[in-house]
Amino acid sequence: MGLSCTVFMGELDTRRQELNVFRMELLGAKVVPVTSGSKTLKDAVNEAMREWVTCVKDTHYCLGSVMGPHPFPWMVREFQSIIGTEAARQLDELGVGTPDAVVACVGGGSNAAGVFSGFANTSAHLYGVEAAGGAAVRTGSPGVLHGMRSLLLQDEFGQIEEAHSISAGLDYPGIGPEHAHLAAIERARYFAVADEEVIPAMRLLSESEGIIPALETAHAVAWVMREAGRLLPSGSTVLLNLSGRGDKDVAQVRAMLEAQS
């Protein structure tokens, strides 16, 4: 369309996801490493918003998660809802019908909001899986960040605390407001997975299914492994949303495994 595209990305994340950076640049985007704060997603959003408000005459802002000021959480949920709509239709066509559980990883929460939207009005149990170092639902409190009121990791004075995760996509100190609402009305439940559980889950899915999941997705896989036979009784039908491929993460995982050996 002849439009230029600038992508703000935390400097730490540009190193963790070098393949994604190269792909974006190959497609013609300019990737700007953000060196402030924790050098991750929160700080990238800060810089993108600063750029937007100083260049509004010729610039527009977009965000890939269900967070930020209205209408962005709603817009992204609507775009991602195709995941839930198609999953529900395919399960019907397969004769499975409504699954017992729908599971997805949650950072800001776009992929989870998308798949949940197809089953929110059914009997399916909805489970979101956060990173233990960014578990806003379980350890956060109401506050305001990036133009939204939601659950955030913050101190007693409302100062935002840094999140931590092995996966760049879950390294955010908050959660989309719709997820905060789903948690408040107890329509969805949210759990946390620690970093050390993630790589074994990534390896299990890779070896058993030939699918290398993103580190974000591997959190959801790890939670299913943990809860099999407990919250997920034997014989349950579980829809696990694979939010992304792990190609972008293999160099990072390889380095971590070599460091452990």
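Structure: above.
Rules and cut-offs
Residues numbered from 1 in each chain as written. Predicted model: local features only at pLDDT ≥ 70, side-chain atom pairs only at ≥ 80, totals over all residues. Heavy atoms only, no water. Buried < 20%, exposed > 50% of the residue type's maximum accessible area, 1.4 Å probe, protein only. Helix = DSSP H or I, 4+ residues; strand = E, 2+ residues; numbered from the N terminus. Pairing = 2+ DSSP bridges. Right-handed = clockwise from strand over helix to strand, strands pointing away. Axes fitted to C-alpha atoms, helices over the stretch in contact; angles between N-to-C directions. Core = buried A, V, L, I, M, F, W, Y, C linked by side-chain atoms within 4.5 Å.

## Description of the pairing of strand β4 (residues 125–131)
Reasoning step 1: Burial analysis of β4 places six of its seven residues in the buried class, which makes it a mostly covered element.
Reasoning step 2: Where strand β3 (residues 101–105) lies against β4, five bridges are found, and the strand directions are parallel. By the bridge assignment, C105 is partnered in β4 with V129.
Reasoning step 3: Since β3 and β4 lie parallel, the crossover through helix α5 (residues 110–117) that links them has a hand, and here it is right-handed.
Reasoning step 4: By the bridge criterion, six bridges tie β4 to strand β7 (residues 188–193) in an arrangement that is parallel. Counted as the bridge partner of G128 is Y190 from β7.

## Concerning the sheet that holds strand β8 (residues 238–240)
Reasoning step 1: Pairing within the open sheet is parallel, and its four strands lie in the order β7-β4-β3-β8. Two strands lie at the open edges of the sheet, namely β7 and β8, each paired on one side alone. When the angles between neighbouring strand axes are averaged without regard to direction, this sheet yields 25°.

## Description of the nonpolar core
The nonpolar side chains of a soluble globular protein tend to be buried, and buried together.
Reasoning step 1: V103, Y127, V129, V193, V198, L215 and W223 are the most contacted members of the largest nonpolar core, which has 23 residues in total.
Reasoning step 2: Of all the secondary-structure elements, those providing two or more residues to this core are β3, β4, β7, α8 (195–209) and α9 (215–227).
Reasoning step 3: At six residues, the largest contribution of residues to this core is made by α9.

## Comments concerning unusual backbone geometry
Negative phi is the rule for most residues except glycine; trans is the rule for most peptide bonds.
Reasoning step 1: Going from H70 to P71, the amide bond is cis rather than trans, its omega being 15°.
Reasoning step 2: Relative to the elements of secondary structure, P71 occurs in the loop between α3 (41–54) and α4 (72–93).
Reasoning step 3: Backbone geometry places H146, a non-glycine residue, at a positive phi of 55°.
Reasoning step 4: Mapping H146 onto the fold places it in the loop between β5 (141–145) and β6 (148–152).
Reasoning step 5: For H146, a relative accessible area of 9% corresponds to the buried category.
Reasoning step 6: Non-glycine residue E186 carries a positive phi angle of around 60°.
Reasoning step 7: Tracing the backbone shows E186 in the loop between α7 (177–184) and β7.

Distances and angles like these do not, on their own, reveal function.
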